[in-house]
Amino acid sequence: MAKFTYRILKRELMAKGWSTLTRLMVEARDGDGNIRLLPREVSDHGDGASVLPVDKARGMVLLVRQWRAGAAFGGHDPWIIEACAGLLDGDAPAECVRREAMEELGVAIHNIRHVVDCFSSPGALSERISLFIADYTTADKVNAGGGLDSEHEDIEVIEMPINEAIALMKKGGITDSKTIVLLQHLMLE
């Protein structure tokens, strides 16, 4: 049971660029009526969707490797292996992953199955991401993928055996949370 009731008192725009950074002033009131003011910063760049395409007949998955600013900022290896993903940009989540699979992976996915909607890091990010598993075959390859030049994407497409992807995740070579959730879900299918 919660010890406090919370209310956002104020929103102050700190920065607006690729994402929006807003400082919140949150009132936390305990059961005795005591109030604490909690400043919190939240980054918002919109909601997203992610898909892990699977070729079960060949035992393969499609992933991407790309440079990520958050990992670089924290002093970690910025070249992250992850599931294909993108911002909704007004599309429904299933349509978003269909679009992103074409742009990033160069494949037409089918039999798209919703896994879960989750927050990637709700302590500081507003992003809610919808996760999907989908099917693909070698016949579904329509272009090289790699992302859009207009979005300055530098994406390497990686096709690897499912068991290698799971082993890589288990030894810490895949550190992206959405990809870990999708691979663990695939393990349960």
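Residues numbered from 1 in each chain as written. Predicted model: local features only at pLDDT ≥ 70, side-chain atom pairs only at ≥ 80, totals over all residues. Heavy atoms only, no water.

### Some remarks on the packing of aromatic side chains
Moving on, step 1. A complete count under the given rule lists 1 aromatic pair for this structure.
Moving on, step 2. Measuring from ring centre to ring centre gives 6.2 Å for Phe4 and Tyr6, while their planes differ by 55 degrees; the resulting arrangement is tilted. (Phe/Tyr/Trp six-rings, centres within 6.5 Å; stacked < 30°, edge-to-face > 60°.)

### Details of the pairing of strand S9 (residues 128-135)
Moving on, step 1. The buried fraction of S9 amounts to 7 of the 8 residues, a majority that puts the element mostly inside the structure.
Moving on, step 2. Where strand S8 (residues 110-119) meets S9, 7 bridges bridge the pair, whose relative direction is antiparallel. In the sheet register, Val116 faces S9, and the bridge partner there is Leu131. (Buried < 20%, exposed > 50% of the residue type's maximum accessible area, 1.4 Å probe, protein only. Helix = DSSP H or I, 4+ residues; strand = E, 2+ residues; numbered from the N terminus. Pairing = 2+ DSSP bridges.)

### Some remarks on helix H3 (residues 162-170)
Moving on, step 1. What H3 keeps buried is the set Ile162, Ala165, Ile166, Leu168 and Met169. Down the axis of H3, the buried side of the element spans an arc of 160 degrees, and every buried residue falls inside it. Exposed residues pointing more than 90 degrees away from the buried face of H3 are listed as Asn163 and Lys170.
Moving on, step 2. Considering only its buried residues, H3 is in contact with strand S4 (48-55), strand S5 (60-67), strand S6 (79-82), strand S10 (156-161) and helix H4 (177-188).
Moving on, step 3. Phi for Gly172, located one or two positions after H3, is positive at around 90 degrees. (Arc of directions from axis to C-beta. Contact = heavy atoms within 4.5 Å.)

### Some words on the packing of H3 against H4
Moving on, step 1. Where H3 meets H4, the axes come as close as 10 Å, and the angle between the chain directions of the two elements is 130 degrees. Regarding the angle of H3 to H4, the classification is oblique. H3 and H4 meet at a crossing whose hand is left-handed. Along its contact with H3, which presents Ile162, Ala165, Ile166, Met169 and Lys170, the element H4 presents Ile180, Leu183, Gln184, Leu186 and Met187.
Moving on, step 2. Looking at the contact of H3 with H4 residue by residue, the class counts come to 8 nonpolar, 1 polar and 1 charged. (Axes fitted to C-alpha atoms, helices over the stretch in contact; angles between N-to-C directions. Parallel < 35°, antiparallel > 145°, perpendicular 65-115°, else oblique. Left-handed = near helix turned anticlockwise from the far one by under 90°. Nonpolar A, V, L, I, M, F, W, Y, C, P; charged D, E, K, R; others polar.)

### Points about the pattern of salt bridges
Moving on, step 1. Tallied over the full model, the rule gives 18 salt bridges.
Moving on, step 2. Among the ionic pairs, Arg29 bridges to Glu27, the shortest N-O distance being 3.6 Å.
Moving on, step 3. Looking at Glu27, the relative accessible area reads 9%, which means it is buried.
Moving on, step 4. The shortest N-O distance in the salt bridge between Lys178 and Glu82 comes to 2.7 Å. In this pair, Lys178 is assigned in helix H4 and Glu82 in strand S6, connecting sequence segments 96 residues apart. Of the two residues, Lys178 and Glu82, neither departs from the other in class, the shared state being buried.
Moving on, step 5. One network of salt bridges, in which partners are shared, links Asp89, Asp91, Arg99, Glu100 and Glu103. (Salt bridge = Lys/Arg side-chain N within 4 Å of Asp/Glu carboxyl O.)

### Topic: the side chain of Asp176
Moving on, step 1. By secondary structure assignment, the location of Asp176 is in the loop between H3 and H4.
Moving on, step 2. Since its relative accessible area comes to 15%, Asp176 is described here as buried.
Moving on, step 3. Side-chain polar atoms of Asp176 contact the side chain of Thr179, separated by 2.6 Å. (Polar contact = N/O pair within 3.5 Å; in protein donor to acceptor, adjacent residues only side chain to side chain.)

### Some words on the layout of surface pockets
Moving on, step 1. The calculated volume of the largest pocket comes to roughly 1400 Å³.
Moving on, step 2. Forming the walls of the largest pocket are 39 residues, and the residues nearest its centre are Trp18, His45, Arg68, Glu82 and Lys178.
Moving on, step 3. Tallying contributions element by element places helix H1 (residues 69-73) first for the lining of the largest pocket, with 4 residues.
Moving on, step 4. In terms of residue class, the lining of the largest pocket is made up of 15 nonpolar, 13 polar and 11 charged. (1 Å grid on protein atoms, 1.4 Å probe; cavity = no way out; pocket = protein on both sides within 12 Å on 5 of 7 lines; lining within 4 Å. Points joined across faces, edges and corners; volume = space filled by probe spheres on them.)

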